[in-house]
Amino acid sequence: MEYIINGGKTLRGELPVYGAKNCALALLGATVLTDDEVILFNCPNIVDVSNMIKLLQSMGKVIVRNGDTLSVKGELGSVCAPSAYATLLRGSALVLGSSIAHYHRIALPLPGGCAIGARPMDIHLDGLQAMGIDVLYESDMVSCAGIPVGTDYKLRFASVGATENLLCASVLARGNSVLRNVAIEPEVVALEQMLVRMGARISGIGTDTISVEGVRKLHGADFAIIPDRIVAATYLSAAVATRGEVTLTHCRPDHLRAFLDVLQPHCSVRCYGDAIRLSAPEIPCGYGEIVTAPYPLFPTDMQSLMLSLAACSRGKTIIRETLFENRLAHNAAELHKMGADIVVSGNTATVAGKSLHGADVVASDLRGGAGLVIAALASDGTSTVRGVEHIDRGYADLALDFNKLGADIVCKEA
Ligand code: EPU
């Protein structure tokens, strides 16, 4: 699939923001902790979530979708995650902690995901070993076995996925755990809150030190998946790139603070409850220096959006990517085809903003793909964005959403 984008249209209008991919994947992983029914509201209809559902179904979970609501229940018949699904998405790794906690074993093919850089799992596995779990690597498979025992463990880096797995392992562990230097991304906090609704005993929710009192059993619960802050940032970026005006509803402005702080000097941003109204009549004059870092600082997932915004601004921006080493270079090369002036040195891009023109570009990862669409919307002339399958992993229908705001995007089979 590819997008043919006639750029230069100003985007205006209102859109609701749907549920967050990375929250849905973490909560789906956590459903393995109980055989009871877990109901998830606001579940996005995106490819990564469908693949995670197929993975859990293939392992024995009974999952029924009714609109945006998912019902998940039942025991796992197999604790061996089939590679046909597990290798399709990084989120498949999020069954590790919950399977160990409930079934005391799991075999997981090394998970796939975006081509954004090395995605090691040493922190997940080191933390599990600290809980007394045996970990064995065999070719592309990791096998874990044992009953988790409460421990005091400091993550060497505040990894989102490792935090989620270690939390899930600790809630049914024998004894108490303290997890230090954990991630505090909103998706992690949502997981902590859902685990409490399932009967887990957790204190320090939302902070970087979590104390967990292991319990014998968890039960069913219902929980609403939080709005996708990266989808929200994508819509806002499109408005800025096209000098437009959008209102987003059903979002969490507080989850977008670092991103909004970067935009605020250049546009009018108003937040009202769960809505954000952004108006960007002028072309921004460069965004200064942006460094990606764990929450609450500037998110790596919004870096590709920012690179495109910087490329079509009228000033200088420096962007340093500290989390995923391949995230800058590919998009910088594609944006060059649109006339962008970006010099990449190691993990730093120095961008001199200018007007862009249409070109044929290729997405190689989800957020990078969205960034290329933003650049194409801002460009004069027609662009083709190939590799839309990467974009569909995390966006329900990006072209349709932008067309609702006045964009001119046609989807074509490649
Ligand atoms: N890291 C290690 N060892 C580990 C785990 C991580 O060195 O055991 C490193 C990674 O290589 C990376 C950094 O730690 O440099 C951050 O990785 P993290 O573990 O926090 O990321 P993740 O859990 O694999 C999630 C999201 C990503 C998002 C990152 C950072 C999910 C399914 N994925 O990945 O989302 O970029 O956190 O916020 O939750 C996306 O949505 O497009 C996406 C890639």
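Calculation criteria
- Residues numbered from 1 in each chain as written.
- Predicted model: local features only at pLDDT ≥ 70, side-chain atom pairs only at ≥ 80, totals over all residues.
- Heavy atoms only, no water.
- Pairing = 2+ DSSP bridges.
- Helix = DSSP H or I, 4+ residues; strand = E, 2+ residues; numbered from the N terminus.
- Axes fitted to C-alpha atoms, helices over the stretch in contact; angles between N-to-C directions.
- Contact = heavy atoms within 4.5 Å.
- Domains from an automatic or database assignment.
- Buried area = accessible area lost by both parts, 1.4 Å probe.
- Salt bridge = Lys/Arg side-chain N within 4 Å of Asp/Glu carboxyl O.
- 1 Å grid on protein atoms, 1.4 Å probe; cavity = no way out; pocket = protein on both sides within 12 Å on 5 of 7 lines; lining within 4 Å.
- Points joined across faces, edges and corners; volume = space filled by probe spheres on them.
- Nonpolar A, V, L, I, M, F, W, Y, C, P; charged D, E, K, R; others polar.
- Near = heavy atom within 4 Å.
- Polar contact = N/O pair within 3.5 Å; in protein donor to acceptor, adjacent residues only side chain to side chain.
- Areas by Shrake-Rupley, 256 points an atom, 1.4 Å probe, with all protein chains shown as cover.
- Sits in = over half its atoms within 2 Å of the grid points.
- Expected span 1.5 Å × (residues − 1).
- Buried < 20%, exposed > 50% of the residue type's maximum accessible area, 1.4 Å probe, protein only.
- Core = buried A, V, L, I, M, F, W, Y, C linked by side-chain atoms within 4.5 Å.

Turning our eyes to something else, we now look at the sheet that holds strand 16 (residues 275-279). Reading across from one edge, 2-14-16-15 is the order of the 4 strands in this open sheet, with mixed pairing throughout. On the outer flanks of this sheet lie strand 2 (12-16) and strand 15 (268-272), each paired with one strand and no other. Taking the axes of each pair of neighbouring strands and ignoring which way they run, one obtains an average angle of 10° across the sheet. Relative to strand 16, strand 15 is paired through 5 bridges, and the arrangement is antiparallel. Residue pairing across strands places Val269 opposite Leu278, the latter belonging to strand 16. On the sheet, helix 8 (residues 229-241) packs against strand 2, strand 14 (245-249) and strand 16 and is oriented at approximately 165° with respect to strand 14.

Bring the parts together and some accessible area is lost; that lost area is often taken as the interface size. As far as domains go, the chain holds domain 1 (2-18 + 227-412) and domain 2 (21-224). Spacing between the C-alpha centres of domain 1 and domain 2 amounts to 30 Å. Counting residues at the interface gives 24 residues for domain 1 and 20 residues for domain 2. A combined buried area of about 1800 Å² lies between domain 1 and domain 2, and 57% of that area is made up of carbon and sulfur atoms. In terms of surface lost to domain 2, no three residues of domain 1 exceed Tyr295, Phe324 and Arg393, which account for 33% of the buried area on that side. Between domain 1 and domain 2 we count 2 salt bridges in total. Two residues, Glu187 and Arg229, come together in a salt bridge whose shortest N-O distance is 2.9 Å.

This next bit is on empty space enclosed by the protein. Tallied over the full model, the rule gives 1 cavity of 30 Å³ or more. If you add up the space inside the largest cavity, you get close to 30 Å³. Arg229, His255, Leu256, Arg257, Ala258, Phe259, Tyr295, Pro296, Leu297, Pro299 and Met302 are the residues that line the largest cavity. Looking at which element gives the most residues to the lining of the largest cavity, the answer is helix 9 (residues 257-263), with 3 residues. Residues of the lining of the largest cavity, tallied by class, amount to 8 nonpolar, 1 polar and 2 charged.

To continue, consider the site of the ligand. Around the ligand, the surrounding shell holds 24 residues, and the nearest of these are Asp122, Ser159, Val160, Asp301 and Leu323. Asp301 places a side-chain nitrogen or oxygen 2.7 Å from an oxygen atom of the ligand. Protein chains bury 91% of the 820 Å² of accessible surface belonging to the ligand in isolation. Of the pockets mapped on this structure, the ligand occupies the largest pocket. Among the elements of the structure, helix 1 (21-30), helix 5 (122-130), helix 6 (160-171) and helix 12 (366-378) are those that each provide at least two residues to the shell around the ligand. Grouping the constituent residues of the shell around the ligand by class yields 11 nonpolar, 5 polar and 8 charged. Two domains share the shell around the ligand, each providing at least three of its residues, namely domain 1 (2-18 + 227-412) and domain 2 (21-224).

Before going further, it helps to examine helix 6. In a regular helix each residue adds 1.5 Å, so 12 residues correspond to 16 Å; helix 6 covers 17 Å between its end C-alpha atoms and thus fits that length. Most of helix 6 is tucked away, with 11 of its 12 residues classed as buried. Restricting attention to buried positions, one finds in helix 6 the residues Gly161, Ala162, Thr163, Glu164, Asn165, Leu166, Leu167, Cys168, Ala169, Ser170 and Val171. Where helix 6 begins, the capping side chain belongs to Ser159, and its oxygen is found 3.5 Å from the backbone nitrogen of Gly161.

Moving on: the pattern of salt bridges. Per the counting criterion, the structure on display carries 16 salt bridges. A salt bridge links Glu2 to Arg386, with the nearest nitrogen and oxygen atoms 2.7 Å apart. Of the two residues, Glu2 sits in strand 1 (residues 2-6) while Arg386 sits in strand 22 (residues 382-386), which places them 384 residues apart along the sequence. With a relative accessible area of 5%, Glu2 lands in the buried category. For Arg386, a relative accessible area of 32% gives the class partly exposed.

Next up on the list: helix 8. Over its 13 residues, helix 8 runs 18 Å from end to end, which matches the ideal 18 Å to within 8%, given 1.5 Å per residue. Counting buried positions over the 13 residues of helix 8 gives 13, a clear majority of the element. By the N-cap criterion, in which a side-chain oxygen at the helix start approaches the backbone nitrogen of a residue two or three places on, helix 8 is capped by Asp228, the distance to Ile230 being 2.9 Å. Remark: Arg243 follows helix 8 within two positions and exhibits a positive phi of approximately 55°.

The next subject is the nonpolar core. Within the largest apolar cluster, 74 residues are counted, with the highest numbers of intra-cluster contacts made by Leu33 and Leu195. Tallying contributions element by element places helix 1 first for this core, with 7 residues. In this structure, Leu33 is in contact with Ser98, Ala101, His102, Cys168, Val171, Leu172, Leu195, Met198 and Leu218, ignoring residues within four places of it in sequence. Core analysis: the second largest hydrophobic core is formed by 72 residues, Ile230, Ala232, Ala311 and Ala340 among them.

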